[in-house]
Structures are given as C-alpha cells and as structure tokens.
Amino acid sequence: SEAKGMTKNMKKYTQIIADYLSELKYEDIPAEVIERAKLVTLHTIGAAIAAVKTEAGSNIIDVAKTLGNGGKEATIIGDGTKVGLGNAVLASGTLADLLDWEDCSWTGHPSAGAVPTGLAVSEAYHKSGKDYLTALVGGYDVYQRIAMAVQPSPKRFEEGWGLHCWQIFAPASITGKLLGIKGAKMNQLLGAAGHMTPIAINLIHSSFSDFYHYTHGLTAQSAVECTMITEKGISTLMGVLEEDTGYYFGVSDQCDWDWYDRELGSRYMIMELMLKNWPVNMWIQTPMDMIHSIVTKHHPDPDKIARIEVSPYIPERSEDSPADGYDSLVAAQFSIPFCMAMYLKGPKVGTQWLDEKYLRDPEILKMASKVHGVGETSLISSNFDTFQQGSYPSYTMKMVMEDGTVYEEAVQFPKGHPQNPYTREECIACFKLATDGLMSPEKQDELCDFVLNKLEDTEDMAVIGKYLTI
C-alpha cells in the first residue's frame, strides 16, 4: 500500500534525530531563534506562577513536597521550595499547564514540560544559560517532528488523540541534551520515552477532566527518570521510531515519515509556536482578542448586552452554557460562552480569573447564556490542519445591545500567532499580567531582565531558584 505509515522506509529516523540533538551547538542557532526561546521561557514561567495559588496548584505542590527531597534538587516555580529533581518537574510542569496559558504548538503544549524541565535540570546540574537555550531549541525540534509524524487520521483523532502521549519527547530530549547523552544512548533515550507514553484514549478529553493538566507534569517527571536510567546504561531499545518497531502504532493509525528529517537543522520548530495571550484554550484566543477589542473601543455596559454571536461554530467550544454550571475547570477553559462571561463580569485576567468558585456563579452563568456559537461548523481536527499550514481560522463577533446598538469585530490571527507575534514588550506585559499580585514589581523586573538579558551569559543556572520564588 502507498498509504502513510504503510510504505517501507530504509532511513534510520531515530538515529538521525538522536544525532541532530546530540550535535546541536549554541553557535549554530540563529539569533532570532534564541530570542524566541527566551520569550517562550518567560511566557511559560509566567503561566506557571499564575497557577501557584489555585486549588490544583496548591495540591500538586503538596504532592511534590510529600514525595520529598533526595539527590539532585531543583526549585518549584513560584513556590520557591527545593525538592528532588523529578518532584520539582512534576509540580512545575503541572503548574505550567493549569491555566492553559502556555504556548500551543501544532500538536499540543510542549513548553509545559520543556521549560520547567530544562530550568530544573539546568539548576540541579549547574548547567549554563547557553546549555539551557540550546537544549530547549533542540527539544522543541525533536518533539514537534515526532508529534507531526504520528498525527492520526480524522477518525482516529476522534477516537483518541494522543496529545499527552508525545508530550514526553520534549522534556526527555531536553534532559538528555543537558546531561550530555549522545549517539546510541540518545537513540535509547528516545526508545525509553516512547515506551513510557500513555495509551491514547479519548476519555481525558471527552470528560474535560482536570487530570489533563496533571499529565503534563507527570510526563515531564517520567522523562527525567527515563533519562537518568538511560544515562546509567540500558541494553538494546534502539530505533523506536522505525516502521518495524512501531512507536506510531501505539498512538496513531499512520505515519508521515518525512516529518522526522524534513528541513532538520534549518527549520526551527520553536519559531512556529503560538504564545497564548489569554489563559484559555487555544481556539478561544481569537474570541478573547475580539471581545477585548470591542470593550476597549466602545466600553459597553455588560448588563445591557442582549446577545453575543461568535462565528464559526466550533464543537465542544461553542456550546451554550449549561444552566447548572461547569463540572471542571477544563470544561470552563474550553467554553467560549464561559470565557466571554468571565472577561465581562469576572475578576481581572490573572491568577484568580478562573477560580473554581466561578464555575457555578449565577452572574457569570447569566452572562454566559447570552453568548452563542453561530455560522458554519469548524472542526478542531481541521483547524489544526489550518494552523499547521501557517494560517488560522478566521473569526467574527457581533455584540447586540438591548437598545439595538451593534458592535462587530473580525480577527484572522490572534495575538501570539506566528503571523501576529509578540514583541519583547508585549511578552513582558503578558508576564506581568499573569504574575500581578503574586510578585512585587521589583521581582517581576528582575526575572524579566534575567531571562531576556542575562540568561546566555549565566555560567551556573543554580542561580535561577532565587528568580523563580514569588
């Protein structure tokens, strides 16, 4: 058969990727790519700090502290406590995803594992800032190429999408690079990561379980453990990405082999991320930009809004708000009506914006009931295809007031999309919004200055702990 995933491939893709990561040098990476790595780092740290005081954030920090210290230690982002390296990554990786504020790639949220793991391993092993940045860039390349190669068909996508399955390759690659693993051992590390991926089942997405956020920390912790085991030495386990060893069979029904080495070394995947401007699901970024634009321009009274229409209609994002509220934080984060209502009637965007007390708040639900998805249906699987091709779905919004006044907005690319990227100043502003009330202005400025101006000149990343403490 000529179908993807069914043709015989003679290339040794696992070793090609392992060699690329092993040999990548800081000096080989263009300046604009290093700059993007710094912005992604700052953005992800901000998202993690914003989640520290949430209920789930407090819970995962307690779990990490209970698991305790021992061996190499690293700082939990925001909390400031030093615990064992794997436990620090468990907590910080979960925090980075809890508010759904970190970046989006074409296939998931690599930064939730990549940035906390890279920072923690660099701190624990006294690596340099350049070491960290090099590993981060390389880790994104490995993650995104593997993830793109194994993207499933639309039918398999609906049955069980493995976002949290390939998530492990970002933190594993970064840890391996930082620990100096090379050649055949790097090949084995990819094998270990592949074998520790979860089963791709649909329940975690269809149920909107909050456990979805914890999977990012859990896979990052597993990635660190796999790397340490591989460094000590394991036998065989080579070639996990090849046709006859079948990683893709476990998470997909096809494989686009060309993704493994297409433009490898010249096309940096970290440049094609979307940094999210709002702490909501990626397909709600544009509606949030539109409501913000209308409110900023026209200052409508929220209590006098009769109806808001958002087009296109996106299944599992555009459904009318349930009268009895939302069962989970994830369900709310993935709801356009709820997020619109929170913007109009809730607290300022930031750490308290999606507090669970609002999930059944009568005022929020009343406002959410005025928001409706309209127009043609736009499937998420198709939207991902559009994003992967360098574009994004176009959205429109109409706000109708009780007196008949109509405000309209249309947006093609949300802020943070590669076609509408953050400047340094905008990234700093988003970081300060996320950490407002948690860090003093002086600490905010110190952390921004360290990440954006001093990181590559830092010889020992053990100093990072003092910047990560609120």
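Quick caveat: nothing in here was measured; it's all calculated off a predicted structure.

Thresholds, definitions, all that
Residues numbered from 1 in each chain as written. Predicted model: local features only at pLDDT ≥ 70, side-chain atom pairs only at ≥ 80, totals over all residues. Heavy atoms only, no water. Helix = DSSP H or I, 4+ residues; strand = E, 2+ residues; numbered from the N terminus. Buried < 20%, exposed > 50% of the residue type's maximum accessible area, 1.4 Å probe, protein only. 1 Å grid on protein atoms, 1.4 Å probe; cavity = no way out; pocket = protein on both sides within 12 Å on 5 of 7 lines; lining within 4 Å. Points joined across faces, edges and corners; volume = space filled by probe spheres on them. Nonpolar A, V, L, I, M, F, W, Y, C, P; charged D, E, K, R; others polar. Pairing = 2+ DSSP bridges. Expected span 1.5 Å × (residues − 1). Axes fitted to C-alpha atoms, helices over the stretch in contact; angles between N-to-C directions. Parallel < 35°, antiparallel > 145°, perpendicular 65-115°, else oblique. Left-handed = near helix turned anticlockwise from the far one by under 90°. Contact = heavy atoms within 4.5 Å. Patch = residues over 30% accessible without salt bridge, like charges linked within 9 Å, V, L, I, M, F, W, Y side chains within 5 Å. Areas by Shrake-Rupley, 256 points an atom, 1.4 Å probe, with all protein chains shown as cover. Salt bridge = Lys/Arg side-chain N within 4 Å of Asp/Glu carboxyl O. Lys, Arg positive; Asp, Glu negative; His and termini not counted. Charge placed at Lys NZ, Arg CZ, Asp CG, Glu CD.

A. Examining unusual backbone geometry more closely. At the junction of S311 and P312, the peptide bond is cis and its omega measures out at 5 degrees in the coordinates. Positive phi, close to 65 degrees, is recorded for L237, a residue that is not glycine. Examined against the element boundaries, L237 turns out to sit in the loop between α12 (211–232) and α13 (247–251). Look at L237 and you get partly exposed, because its relative accessible area is 30%. A positive phi is found at H299, a non-glycine position, where the angle reads about 50 degrees.

B. Molecular detail of the layout of surface pockets. Counted as a void, the largest pocket has a volume near 480 Å³. Secondary structure elements with two or more residues in the lining of the largest pocket: α7 (154–159), α11 (203–206) and α18 (380–388). In terms of residue class, the lining of the largest pocket is made up of 15 nonpolar, ten polar and three charged.

C. How the structure looks around empty space enclosed by the protein. In this structure the tally under the stated criterion is two cavities of 30 Å³ or more. What lines the second largest cavity is L42, H43, G46, A47, W101, C430, F431 and A434. Breaking the lining of the second largest cavity down by element, the ones donating at least two residues are α2 (31–50) and α19 (424–435). Examining the composition of the lining of the second largest cavity, we find that four residues originate from one element, α2, more than from any other.

D. Main features of the pairing of strand β3 (residues 305–311). Across six bridges, β3 lies against strand β5 (residues 395–401) in antiparallel orientation. Residue pairing across strands places I308 opposite M399, the latter belonging to β5. Strand direction decides the pairing type here: β3 and strand β4 (residues 371–373), joined by three bridges, are parallel. Residue pairing for β4: I308 is matched across the bridge by V371.

E. How the structure looks around α2. Along its 20 residues, α2 runs 29 Å from first to last C-alpha, staying within 8% of the 28 Å computed at 1.5 Å per residue. Counting buried positions along α2 gives 17 out of 20 residues, so the element sits mostly inside the fold.

F. Structural detail: the packing of α2 against α19. Closest axis-to-axis distance for the α2/α19 pair is 8 Å, and the angle between their directions is 15 degrees. Viewed along their axes, α2 and α19 adopt a mutual orientation that is roughly parallel. Once α2 is placed against α19, the crossing between them reads as left-handed. In this structure, α2 contributes E35, K38, L39, L42, H43, I45, G46, I49 and A50 to the contact, and α19 contributes R424, C427, I428, C430, F431, A434 and T435.

G. Expanded view of a negative patch on the surface. Residues D131, D457, E459 and D460 make up a contiguous surface patch of negative charge. With respect to the helices, strands and loops of the structure, D131 is situated in helix α6 (residues 129–149). Of the residues examined, D131 reaches a relative accessible area of 34% and is grouped as partly exposed.

In short, shape yes, function no, at least from these values alone.
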